[in-house]
Amino acid sequence: MPTISYREALNQALFEEMHRDEGVIVLGEDVAEYGGSFKVTRGLLDEFGEDRVIDTPISEAAIVGMATGAAMCGLRPVPELMTVNFAYLALDQICNHLALMRYMFGGQVTLPVTIRMPGGGGHQLASQHSHSLEVFFVHTPGLIVLYPSSPADAKALLKAAIRDDNPVIFLEHEGLYNAEGEVPEGTEPAEIGRAGILRQGKDVTLVAYGGMTNVALEAADTLAEEGCEAEVVDLRTLRPWDKETVVESVARTHRVVTVEECPPVCGIGAELSANIYELAFDELDAPVERVSGADCHLPYAKELEQACIPHAPDVVEAALRTLGV
Amino acid sequence: MNKAELMEVYYLMQLARTFETRVAEQYTRGKMGGFCHLYTGEEAVAVGAMWHLRDDDYVIGSYRDHAYYLLRGGDPGKAMAELFGHKEGCCKGKGGSMHLFDWDINFLGGYAIVAGMCPLAVGAAKSIQYRGEDRVVVCFFGDGATNQGVYHEALNMGSLYELPIVWVCENNHYAIGTSVPRSSARESLARKARSYEMPTYVVDGMDFFKMQSVAERAIADARAGKGPSFIEAQCYRYRGHSMSDPATYRSEEEVEYWKKRDPIPRIKAAIKHDFEVEEEEFEEVDARVRRELDEAIEFASEGSELPVERLYEDLYVE
Ligand SMILES: Cc1ncc(C[n+]2csc(CCOP(=O)(O)OP(=O)(O)O)c2C)c(N)n1
Ligand SMILES: [Mg+2]
């Protein structure tokens with residue numbers, strides 16, 4: 001199986017889907033001639049031409065709105081927002097238009113838009129470039145939210161997103177672009193809404209996604225050294241998330257730690273734990289532990305920023321707390 | 001302008017330029033991280049636009065903000081410390097290169113959301129008008145910002161309420177890798193702004209004299225209650241968009257064309273043309289700039305980050 005980077009996996013998915021379906025177009029700031037600010041769209045312009053690979057002005061609201069309008073009338077746009085923070089400028093088009101039009105118009109419109117956006121902290125980009133915005137989108141009915149954690153998932157999920165007839169928010173983690181992994185030839189689209197169990201264990205379940213998946217895996221390694229077998233669940237899809245897989249895992253381990261990069265208030269961990277309490281209260285031997293990003297904006301200073309982001313030792317500690325250690 | 005004033009202009013240009021050279025050095029040595037955008041080549045725009053400002057006027061701008069801060073009279077040490085992420089920096093190391101800010105010098109900050117500062121400038125100007133003061137706001141932004149919705153909303157409101165704003169568009173011809181004709185339906189950004197019913201100017205932003213003379217008028221109008229003006233300063237950044245951009249999208253000829261218009265040799269030649277100046281006098285200024293920046297780097301190097309216990313400070317008014 002070829003080993004490629006997360007960035008290349010995304011790039012391959014775009015190439016393959018554009019070849020497969022003439023309706024797929026890519027648009028965004030610096031996506032064509034420049035190849036994307038993180039080089040995910042590199043080479044697309046040469047292959048597909050400027051009719052299908054479109055450099056736009058710095059106009060996030062209109063980029064998403066244009067994608068929505070084009071989708072309404074039969075195309076399958078894949079807009080890129082350069083960084084998740086810039087999605088704030090497009091929230092009106094995403095939440096007030098894209099997400100609700102099908103519902104509001106009685107099912108008459110179909111909006112197959114996949115909005116790609118890189119996010120996550122850890123690169124000293126300071127507060128205006130480092131938010132983890134997944135919760136905004138997860139909170140919005142009508143959207144599907146995907147967040148791959150590996151090259152294989154990146155490719156399979158992006159293909160699924162593009163083929164799906166619903167609006168998809170596709171989050172990419174800036175810290176993962178260079179991460180390498182095996183990606184099968186002829187990757188098929190992944191099943192949306194299906195979590196993956198990346199490591200099996202019987203003592204505690206670590207539920208993570210996106211950039212936090214590696215943190216959970218690293219924590220599981222450390223826990224193993226201490227004789228604790230952690231099961232690592234990668235959500236992959238944040239909306240609709242896979243309750244079945246999470247609850248089954250909890251039924252096996254009886255302990256859970258959720259791991260998210262965003263701030264904790266009304267976060268992914270809050271959503272997970274509320275559901276776990278509702279669906280699997282009797283299975284729990286300890287309260288759900290939440291590990292999250294700090295409840296503030298990411299500062300520029302290096303150590304200070306790192307203190308805002310969950311690391312493996314934080315997850316290990318939380319896991320040990322569920323075990324009463 | 002007399003000789004002393006012109007030598008001050010030369011000093012400010014060199015300070016802005018050399019600060020960036022030293023930042024690039026320190027960046028390469030790993031003393032700072034994140035995105036870092038240098039102003040190299042565009043010095044005459046900011047020096048000219050700000051030359052006629054009073055200390056109590058406001059300046060606000062984009063993430064390419066080192067020069068604004070220094071030209072407002074900011075302490076180079078506090079700027080450098082900010083870039084190092086140290087608590088001795090003007091924002092305690094929380095903002096970094098893109099987000100300098102300092103009340104003491106009425107610098108209302110550098111912002112990294114393209115065009116995000118434009119409505120803030122409208123609000124700052126409203127506060128001036130409301131209090132009946134005769135201060136002005138100078139707002140700096142790039143050519144790319146003119147394609148944002150909020151930019152147009154802000155220009156419209158500035159004119160509608162006749163607020164004391166000088167809009168300074170640094171047209172360096174590129175927004176990262178996208179040139180103006182590839183992103184703006186109307187290539188003339190001044191004409192684009194003119195629909196908001198205010199005086200608009202197109203000026204050679206590589207020429208301090210032209211820049212300051214246009215700015216003088218715009219500032220005087222704003223101060224006199226005649227509302228906003230728009231200045232399109234045509235300029236060029238000599239380096240990539242940020243420290244991580246190799247800028248392969250620009251031809252060598254194009255870069256050469258603009259290097260021939262370098263504002264610093266130009267101001268030097270102009271001073272020499274009008275006054276008897278020995279080369280040593282320029283060298284003295286250069287040495288002063290070097291010394292000040294050595295001190296700034298030393299100050300920044302001696303600092304340290306805020307302790308983690310203070311992470312949540314400043315989120316709310318306590
Ligand atoms: C809302 C928003 N979209 C995109 C970006 C990414 N970005 C940063 S700078 C930049 C180009 C801005 O160009 P311009 O306004 O001409 O200013 P310059 O950098 O040339 O000074 C872009 C697209 C951003 N920071 N904010
Ligand atoms: Mg520009």
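In this text, all values refer to a predicted model and were calculated from it rather than measured experimentally. (Residues numbered from 1 in each chain as written. Chains lettered and ligands numbered in written order. Predicted model: local features only at pLDDT ≥ 70, side-chain atom pairs only at ≥ 80, totals over all residues.)

Remarks on the overall build of chain B
Scanning chain B from N- to C-terminus turns up 11 helices and eight strands. Radius of gyration (C-alpha) of chain B: 19 Å, near the 20 Å computed for a compact globule of 318 residues. Considered along the principal axes of its C-alpha atoms, chain B spans approximately 60 × 50 × 40 Å. Here chain B holds 318 residues, and 51% of them are scored as buried. Intrachain contacts of chain B at a sequence separation of at least 6 include 76% that bridge at least 24 residues. (Helix = DSSP H or I, 4+ residues; strand = E, 2+ residues; numbered from the N terminus. Rg over C-alpha atoms; globule rule 2.2 N^0.38 Å. Buried ≥ 20, exposed ≤ 12 C-beta atoms within 10 Å, placed from the backbone. Contact = placed C-beta atoms within 7 Å.)

Points about the overall build of chain A
Counting its secondary structure elements, chain A contains 12 helices and 14 strands. Its C-alpha atoms give chain A a radius of gyration of 19 Å, within 12% of the compact-globule value 20 Å for 325 residues. Across its three principal axes, chain A shows a C-alpha extent of roughly 60 × 45 × 40 Å. Within chain A, contacts between residues at least 6 apart in sequence are counted, and of these 79% link residues at least 24 apart.

Some points on the interface of chain A and chain B
Taken residue by residue, the interface counts 25 residues in chain A and 33 residues in chain B. It is helix H11 (residues 302–306) of chain A that contributes the most residues to the side of chain A that touches chain B, three residues altogether. Class assignment for the residues of the side of chain A that touches chain B results in 13 nonpolar, seven polar and five charged. (Nonpolar A, V, L, I, M, F, W, Y, C, P; charged D, E, K, R; others polar.)

Focus: the domain arrangement of chain A
All names here are of chain A. Examined at the domain level, chain A breaks down into domain 1 (3–182) and domain 2 (196–322). Computed over C-alpha atoms, the centres of domain 1 and domain 2 are 26 Å apart. Here the residues of the side of domain 1 that touches domain 2 sort into 12 nonpolar, 10 polar and two charged. (Domains from an automatic or database assignment.)

Overview of the environment of Gln148(B)
Topologically, Gln148(B) is positioned in the loop between strand S3 (137–142) and helix H6 (149–160). A C-alpha to C-alpha distance of 30 Å links Gln148(B) and Glu253(B), two positions 105 residues apart in sequence. Setting aside anything within four residues of it in sequence, one finds Gln148(B) in contact with Ile58(A), Ser59(A), Val114(B) and Ala115(B).

Section: helix H1 (residues 3–28) of chain B
All names here are of chain B. With 26 residues, H1 should reach 38 Å at 1.5 Å per residue; the first-to-last C-alpha distance of 37 Å fits that figure. Among the residues of H1, those classed as buried are Val 9, Tyr 10, Leu 12, Met 13, Gln 14, Leu 15, Ala 16, Arg 17, Phe 19, Glu 20 and Val 23. Elements in contact with the buried residues of H1: helix H2 (43–50), helix H3 (66–71), helix H4 (76–83), helix H8 (208–223), helix H10 (263–274) and helix H11 (279–302). Immediately downstream of H1, the backbone of Gly 30 shows phi near 80°, a positive value. (Expected span 1.5 Å × (residues − 1).)

Here we look at the sheet that holds strand S9 (residues 196–199) of chain A
Residue and element names in this part refer to chain A. Strand order across the open sheet formed by five strands is S9-S11-S10-S13-S14, with mixed pairing between neighbours. Each edge of the open sheet is held by one strand with a lone partner, namely S9 and strand S14 (289–291). For this sheet the average axis-to-axis angle between neighbouring strands, irrespective of direction, equals 25°. As judged from the five bridges shared by strand S10 (residues 204–208) and strand S11 (residues 230–234), these two strands associate in the parallel manner. Paired with Leu 206 across the strands is Val 232, a residue of S11. With respect to the sheet, helix H10 (residues 268–280) is in contact with S10, strand S13 (256–259) and S14, its orientation differing from that of S13 by roughly 155°. (Pairing = 2+ DSSP bridges. Axes fitted to C-alpha atoms, helices over the stretch in contact; angles between N-to-C directions.)

Section: the environment of Ile58(A)
Within the fold, Ile58(A) resides in the loop between strand S3 (53–55) and helix H3 (60–72). For Ile58(A) and Gly28(A), which are 30 residues apart along the polypeptide, the C-alpha to C-alpha distance reads 8.2 Å.

Let's talk about the packing of H1(B) against H10(B)
All names here are of chain B. Interhelical geometry of H1 versus H10 gives an angle of 165° and a closest axis separation of 10 Å. Overall, the two elements H1 and H10 adopt an arrangement that is roughly antiparallel. H10 is crossed by H1, and the crossing has left-handed handedness. For the pair H1 and H10, the contacting residues are Leu 6, Met 7, Val 9, Tyr 10, Met 13, Gln 14 and Arg 17 in the first and Pro 263, Ile 264, Ile 267, Lys 268 and Ile 271 in the second. Residue composition of the contact of H1 with H10, by class: nine nonpolar, one polar and two charged. (Parallel < 35°, antiparallel > 145°, perpendicular 65-115°, else oblique. Left-handed = near helix turned anticlockwise from the far one by under 90°.)

Concerning the sheet that holds strand S1 (residues 58–62) of chain B
Residue and element names in this part refer to chain B. Taking strand neighbours across the sheet as the criterion, the six strands line up as S2-S1-S3-S4-S8-S7 in an open arrangement whose pairing is parallel. Where the open sheet ends on each side, the last strands, each with one partner, are strand S2 (107–111) and strand S7 (200–204). Sheet twist, expressed as the average angle between the axes of neighbouring strands with direction ignored, equals 15°. The pairing of S3 with strand S4 (residues 165–171) spans six bridges and is parallel. Looking at the pairing, Val 137 lines up with Ile 165 of S4.

A look at the pairing of S11(A)
The two faces of a sheet get side chains in turn, since along a regular strand they alternate between them. Residues and elements named next belong to chain A. Counting buried residues in S11 gives five out of five residues, a clear majority hidden from the surface. By the alternation rule, side chains of S11 split into Ala 230, Val 232 and Asp 234 and Glu 231 and Val 233, which are all buried. Examined bridge by bridge, S9 and S11 share three bridges and lie antiparallel to one another. When the sheet's bridge partners are listed, Arg 199 is paired in S11 with Val 232. For the segment spanning S10, helix H8 (residues 212–225) and S11, crossover handedness is right-handed. (Right-handed = clockwise from strand over helix to strand, strands pointing away.)

Description of the packing of H8(A) against helix H12 (residues 312–322) of chain A
All names here are of chain A. The interhelical angle for the contact between H8 and H12, taken along N-to-C directions, is 55°, at an axis separation of 8 Å. By the angle class used here, H8 and H12 are oblique. Between H8 and H12 the crossing geometry is right-handed. Listed contacts from H12 to Val 215, Ala 216, Glu 218, Ala 219, Thr 222 and Leu 223 of H8 are Ala 312, Val 315, Val 316 and Ala 319. Here the residues of the contact of H8 with H12 are counted per class, giving eight nonpolar, one polar and one charged.

Thoughts on the nonpolar core
Ranked by internal contacts, the top residues of the largest apolar core, which has 103 residues, are Ala16(B), Val47(B), Ala121(B), Cys139(B), Val166(B), Val168(B) and Ile231(B). Top contributing element to this core by residue count: H1(B), with eight residues. Each of domain 1 (3–182) and domain 2 (196–322) of chain A gives at least three residues to this core. Setting aside residues no more than four positions away along its own chain, Ile231(B) makes contact with Val166(B), Trp167(B), Val168(B), Cys169(B), Tyr201(B), Val203(B), Val214(B), Ala215(B) and Ala218(B). Counting residues in hydrophobic clusters, the runner-up holds 91 residues, among them Ala13(A), Leu44(A), Ile63(A) and Val168(A). (Core = buried A, V, L, I, M, F, W, Y, C linked by C-beta atoms within 7 Å.)

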